[in-house]
Amino acid sequence: MIPAKRRTAVLISGRGSNLRALIEASETGADYPARIALVLSNKPEAEGLAIAREHGIETAVIESKGKERAAFDAEMHALLQSKGIELVCLAGFMRLLTPDFVQAWYGRMINIHPSLLPAFKGTQVHERVVAAGVRVTGCTVHFVSPEMDEGPIILQATVPVPPDATAESVAAAVLEQEHALYPQALKLLAEGKLVIEGQRVRLG
Ligand code: GRF
């Protein structure tokens, strides 16, 4: 019997290019183990919502502006549960999550970050990468833990930083890698192949 595809929600705040990569991966591979069942944005103007609609995927907006963090997270949690969501991918979701929410989804919620963690956590990553003069950067998919950009690392991809690189050129090169890496990580998660052992992830 073919196992059911895991119902996955993607949380966004903006452009949605990683969302597009996840949707395309889930639509092209008949054996891809996850299905994007819901796209949730905390901003009504997020461009990624249109990508979801083009693909006939259900969308939801829960505005975070002016809302208590705990109330916002509780609303999201209730929605995800009511839609039977099993896995969550953060894809440019620009909102800190409460420890309660993270705890409720621990091991089932992943994020993509545009650096080789633990280096360059936070925002303005590519500007800092160029200013630091590093020769290699990349991207990381990790489990979400209560501390930002600190959860157990699942996969990473590297990108060289040439001496004449700019923040824009690095961002473009890293983004291309992100689009390949995120679907691979979701596939491993949906297949149940990721075993968290403390801060490390074993590919089971
Ligand atoms: C990506 O660079 C991702 O690594 C970071 O936010 C950006 C989102 O881009 N977390 P997009 O909305 O997926 O195009």
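Data block above holds the structure.
This write-up is about the structure you can find in this document. (Residues numbered from 1 in each chain as written. Predicted model: local features only at pLDDT ≥ 70, side-chain atom pairs only at ≥ 80, totals over all residues. Heavy atoms only, no water.)

Let's shift gears to the overall build of the protein chain. When its secondary structure is counted, the protein chain shows six helices and nine strands. At 17 Å, the protein chain has a C-alpha radius of gyration in line with the 17 Å of a compact globule built from 204 residues. Principal axes of the C-alpha set define a box for the protein chain whose edges measure 50 × 45 × 35 Å. Across the 204 residues of the protein chain, 48% fall into the buried class. Within the protein chain, contacts between residues separated by at least 24 positions form 65% of all contacts whose residues are at least 6 apart in sequence. Counting every atom, the protein chain has about 10,000 Å² of accessible surface; 54% of that belongs to carbon and sulfur. The protein chain carries 21 positive and 23 negative side-chain charges, and their two centres are separated by 4 Å. (Helix = DSSP H or I, 4+ residues; strand = E, 2+ residues; numbered from the N terminus. Rg over C-alpha atoms; globule rule 2.2 N^0.38 Å. Buried < 20%, exposed > 50% of the residue type's maximum accessible area, 1.4 Å probe, protein only. Contact = heavy atoms within 4.5 Å. Areas by Shrake-Rupley, 256 points an atom, 1.4 Å probe, with all protein chains shown as cover. Lys, Arg positive; Asp, Glu negative; His and termini not counted. Charge placed at Lys NZ, Arg CZ, Asp CG, Glu CD.)

We now examine the sheet that holds strand E3 (residues 59-61). Spatial ordering of the open sheet is given by E3-E2-E1-E4-E5-E6-E7, a layout of seven strands whose pairing is mixed. For this open sheet the edge positions go to E3 and strand E7 (153-160), each flanked by a neighbour on one side alone. Between one strand and the next, the sheet's axes are offset by a mean angle of 20°, whatever the strand orientation. Looking at chain direction, strand E1 (residues 6-12) and strand E4 (residues 87-90) are connected through four bridges and run parallel. Paired with Leu11 across the strands is Leu90, a residue of E4. On top of the sheet, helix H1 (residues 17-28) reaches E1, strand E2 (34-41), E4 and strand E5 (109-113); it is set at about 155° to E2, its chief contact. (Pairing = 2+ DSSP bridges. Axes fitted to C-alpha atoms, helices over the stretch in contact; angles between N-to-C directions.)

Given a rise of 1.5 Å per residue, 12 residues ought to cover 16 Å, and the 16 Å separating the end C-alpha atoms of H1 matches this to within 8%. The complete set of buried residues in H1 reads Ser17, Asn18, Leu19, Ala21, Leu22, Ile23, Ala25 and Ser26. (Expected span 1.5 Å × (residues − 1).)

With that settled, the discussion passes to the pattern of salt bridges. Oppositely charged side chains can pair when the atoms bearing their charge come close. If you walk through the whole model with that rule in mind, you get eight salt bridges. Salt-bridge contacts for Glu58 lead to Lys83; the nearest nitrogen and oxygen are separated by 2.8 Å. Of the two residues, Glu58 is situated in the loop between helix H2 (48-54) and E3 and Lys83 in the loop between helix H3 (69-82) and E4; the sequence distance between them amounts to 25 residues. Between Lys121 and Glu150 there is a salt bridge whose closest N-O contact spans 3.0 Å. Placement of Lys121 in the loop between E5 and helix H5 (125-132) and of Glu150 in the loop between strand E6 (136-143) and E7 is noted, with a sequence separation of 29 residues between them. Residue class for Lys121 comes out partly exposed when judged on its relative accessible area of 30%. When salt bridges that share partners are traced, they join Lys187, Glu191 and Lys193 into one network. (Salt bridge = Lys/Arg side-chain N within 4 Å of Asp/Glu carboxyl O.)

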